[in-house]
Amino acid sequence: MRKAKIVLAVFVLMLAMAAPSWAAMSLKAGHTLTPEHPYHLGLVKFGEIIKEKTGGEITLDAFHSSQLGSERELIEAMQMGTVDMAVISTAPLAGFTKSFLVYDLPFIFPDSATAHKVLDGEIGQKSLADLDKIGIIGLAFYENGFRQVTNSKRALVKPEDAKGLKIRTMENKIHMASFRAVGANPVPMAFGELFTALQQRTIDAQENPLPIIFNNKFYEVQEFCSMTNHFYSPAPLLMSKAVWNKLTPEQQTIFKEAAVEARAYQREELAKQDAAFVKQLEENGMKINQVDHAAWLKAMEPVYKQFEKEIGADLIKAVQDSAN
Ligand code: EAX
């Protein structure tokens, strides 16, 4: 009788130790934008889905406005496993892997539908898989979107109008080369330092999609916004490989599916903001103008030849062909 009781007690203890509540995990995810931006909305949505699908076992806290570091710092922190997840533009990944360089080329995507087709298809999935080599798991492509140039001097219609402008770019050599091609002076800088640099007028110009220009109130420090659509910024949802390896195979499947589910919502929110903010920026005093698209395209085109070897002519062609 007594022996049976001990056996039962041991059994109950073992059950308790194996229970899901013992495996609870809370993840930290970072990004550099505001809580109103679709980066944040998409992360929160992803967190809700994984919480529900893991029965509350895994939760996620989203930290906005560079609270967990700049994009370069977030990449490094995920490699070390000190930050679990992040959403970042692919441009700052250029210092870590060549796999995303093709997306940095000016005017590589004619519209977001084509971008989604390439990124969600074989080419994009290969870029995400390549991240494994640098200690990061790429779950799905969220979106930052098409970038526009703002500045404090004049409306940019022709590429010549950009001559001499000191423009902040991301830390990416193709972006910098593209602005050199139109005669501007690119200054690479982390996003978190940008508003102050514009305010203090240490730089004249910057380039970002409308949801960032509006949510970060760049209209307070920049008068002109020129609709160049010169780069498209993919923004993958990333995870530290060290943390990923702690998940069970079932949890990994939940994460992959949740990332794709949240991606649709994230892109919808981005498209909504992109469309709504032209008017709202104008209401806040920004002068928005259309540009001579063909002239910008021509002026930046030499960049393709410049980086063809490094990116691979075949890859460039494959991305271009999927637009047709
Ligand atoms: O990923 O740095 C930038 O201009 C980016 O658009 C921003 O960090 C979002």
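Preceding this section is the structure that the text describes.
Residues numbered from 1 in each chain as written. Predicted model: local features only at pLDDT ≥ 70, side-chain atom pairs only at ≥ 80, totals over all residues. Heavy atoms only, no water.

S.K.: Describe in detail the overall build of the chain, supporting the description with residues and values.
M.R.: Scanning the chain for helices and strands turns up 13 helices and 11 strands. When burial is assessed residue by residue, the chain has 52% of its 324 residues classed as buried. Considering only contacts in the chain between residues 6 or more positions apart, those separated by 24 or more positions represent 75%. Surface summary for the chain: the accessible area is close to 14800 Å², and the carbon and sulfur share equals 55%. When the 35 basic and 38 acidic side-chain charges of the chain are each reduced to a single mean position, those positions are 4 Å apart. (Helix = DSSP H or I, 4+ residues; strand = E, 2+ residues; numbered from the N terminus. Buried < 20%, exposed > 50% of the residue type's maximum accessible area, 1.4 Å probe, protein only. Contact = heavy atoms within 4.5 Å. Areas by Shrake-Rupley, 256 points an atom, 1.4 Å probe, with all protein chains shown as cover. Lys, Arg positive; Asp, Glu negative; His and termini not counted. Charge placed at Lys NZ, Arg CZ, Asp CG, Glu CD.)

S.K.: Go over the sheet that holds strand 7 (residues 185–188) with me, naming the residues and quoting the values.
M.R.: With mixed pairing, six strands are arranged side by side in an open sheet as 7-6-8-5-9-11. Since the sheet does not close on itself, it has two edges, and those belong to strand 7 and strand 11 (287–290), each with one partner. Across the sheet, the mean angle separating the axes of adjacent strands is 30 degrees when strand polarity is ignored. Note: strand 6 (residues 166–169) against strand 8 (residues 205–208), two bridges, orientation parallel. (Pairing = 2+ DSSP bridges. Axes fitted to C-alpha atoms, helices over the stretch in contact; angles between N-to-C directions.)

S.K.: Report on the packing of helix 6 (residues 173–181) against helix 12 (residues 302–311), specifying residues and quantitative values.
M.R.: Contact pair helix 6 / helix 12: the axes reach a minimum separation of 10 Å and the direction vectors enclose 160 degrees. One element, helix 6, and the other, helix 12, form an angle in the roughly antiparallel class. Remark: the crossing between helix 6 and helix 12 carries right-handed chirality. In this structure, helix 6 contributes Lys173, Ile174, Ala177, Ser178 and Ala181 to the contact, and helix 12 contributes Val303, Gln306, Phe307, Glu310 and Ile311. A breakdown of the residues in the contact of helix 6 with helix 12 according to their chemical character gives six nonpolar, two polar and two charged. (Parallel < 35°, antiparallel > 145°, perpendicular 65-115°, else oblique. Left-handed = near helix turned anticlockwise from the far one by under 90°. Nonpolar A, V, L, I, M, F, W, Y, C, P; charged D, E, K, R; others polar.)

S.K.: So what's going on with the site of the ligand? Which residues, and what values?
M.R.: Contacts to the ligand come from Thr32, Leu33, Tyr39, Glu71, Ser89, Asn144, Arg147, Arg168, Met170, Phe191, Asn208 and Ile212. Within the side chain of Thr32, an N or O atom sits 3.1 Å from an oxygen atom of the ligand. For the ligand, an oxygen atom lies 2.9 Å from a polar atom in the side chain of Asn144. A total of 270 Å² of accessible area belongs to the ligand in isolation, and the protein chains cover 99% of it. Looking at the shell around the ligand residue by residue, the classes come out as five nonpolar, four polar and three charged. (Near = heavy atom within 4 Å. Polar contact = N/O pair within 3.5 Å; in protein donor to acceptor, adjacent residues only side chain to side chain.)

S.K.: Lay out the side chain of Gln222 in plain terms, naming residues and giving numbers.
M.R.: Relative to the helices and strands, Gln222 is located in the loop between helix 8 (210–215) and strand 9 (224–227). Side-chain polar atoms of Gln222 contact the backbone nitrogen of Asn151, separated by 3.2 Å. At a separation of 3.2 Å, a polar atom in the side chain of Gln222 contacts the main-chain carbonyl oxygen of Asp204. Setting aside anything within four residues of it in sequence, one finds Gln222 in contact with Thr150, Asn151, Ser152, Leu198, Asp204, Ala205, Gln206 and Met286.

S.K.: Provide a residue-level description of the nonpolar core, including the pertinent values.
M.R.: Of all hydrophobic cores here, the largest spans 47 residues; its most connected members are Leu27, Phe46, Met85, Leu237, Met239 and Phe255. Of all the elements, helix 10 (residues 249–283) adds the most residues to this core, at seven residues. In this view, Phe46 contacts Leu60, Met85, Leu139, Tyr142, Leu237, Phe255, Ala258, Ala259 and Ala262; residues no more than four positions away in its chain are not counted. Membership of the second largest hydrophobic core comes to 34 residues, among which are Met78, Leu101, Leu105 and Val118. (Core = buried A, V, L, I, M, F, W, Y, C linked by side-chain atoms within 4.5 Å.)

S.K.: Help me get a handle on the environment of Asn208, residues and values and all.
M.R.: The topology assignment puts Asn208 in strand 8. For the pair Asn208 and Thr150, spaced 58 residues apart in sequence, the C-alpha to C-alpha distance is 8.0 Å. With sequence-adjacent residues up to four places away left out, Asn208 is seen in contact with Asn144, Arg147, Gln148, Arg168, Phe191, Leu194, Ile213 and Phe218. At 3.0 Å, the side chain of Asn208 and the side chain of Gln206 are in polar contact.

S.K.: How would you summarise helix 4 (residues 112–120) if you had to cite specific residues and measurements?
M.R.: Residues of helix 4 that are buried: Thr114, Ala115, His116, Val118 and Leu119. Where helix 4 is buried, its residues contact helix 5 (122–130), strand 4 (136–146), strand 10 (232–240), helix 10 and helix 13 (313–321).

S.K.: Give me the lowdown on the sheet that holds strand 4, citing residues and values where you can.
M.R.: Pairing between the strands of a sheet comes from backbone hydrogen bonds, and it takes one of two forms, parallel or antiparallel. One open sheet holds the five strands; their spatial order is 2-1-3-10-4, and the pairing between them is mixed. Two strands lie at the open edges of the sheet, namely strand 2 (58–63) and strand 4, each paired on one side alone. Here the average twist between neighbouring strands, direction ignored, is 20 degrees. Against the sheet, helix 2 (residues 38–53) engages strand 1 (25–30), strand 2, strand 3 (85–87), strand 4 and strand 10, with an angle of about 170 degrees to strand 2. Sheet strands in contact with helix 10 are strand 1, strand 2, strand 3, strand 4 and strand 10, and its direction is about 5 degrees off that of strand 4.

S.K.: Summarise the packing of aromatic side chains; cite the residues concerned and give the values.
M.R.: In this structure the tally under the stated criterion is 12 aromatic pairs. The interplanar angle of 85 degrees and the centroid separation of 5.9 Å between the aromatic rings of Phe179 and Phe231 together place this pair among those described as edge-to-face. Residue Phe179 is located in helix 6, and its partner Phe231 is located in the loop between strand 9 and strand 10; the two are separated by 52 residues in the primary sequence. In this pair, the class of Phe179 matches that of Phe231, namely buried. Every member of this aromatic cluster is reached through a ring pair, and the members are Phe100, Tyr103, Phe109, Phe141, Phe146 and Tyr232. The side chain of Lys45 reaches across the aromatic face of Tyr265, ending 4.6 Å from its centre. (Phe/Tyr/Trp six-rings, centres within 6.5 Å; stacked < 30°, edge-to-face > 60°. Lys NZ or Arg CZ within 6 Å of the ring centre and 35° of its normal.)

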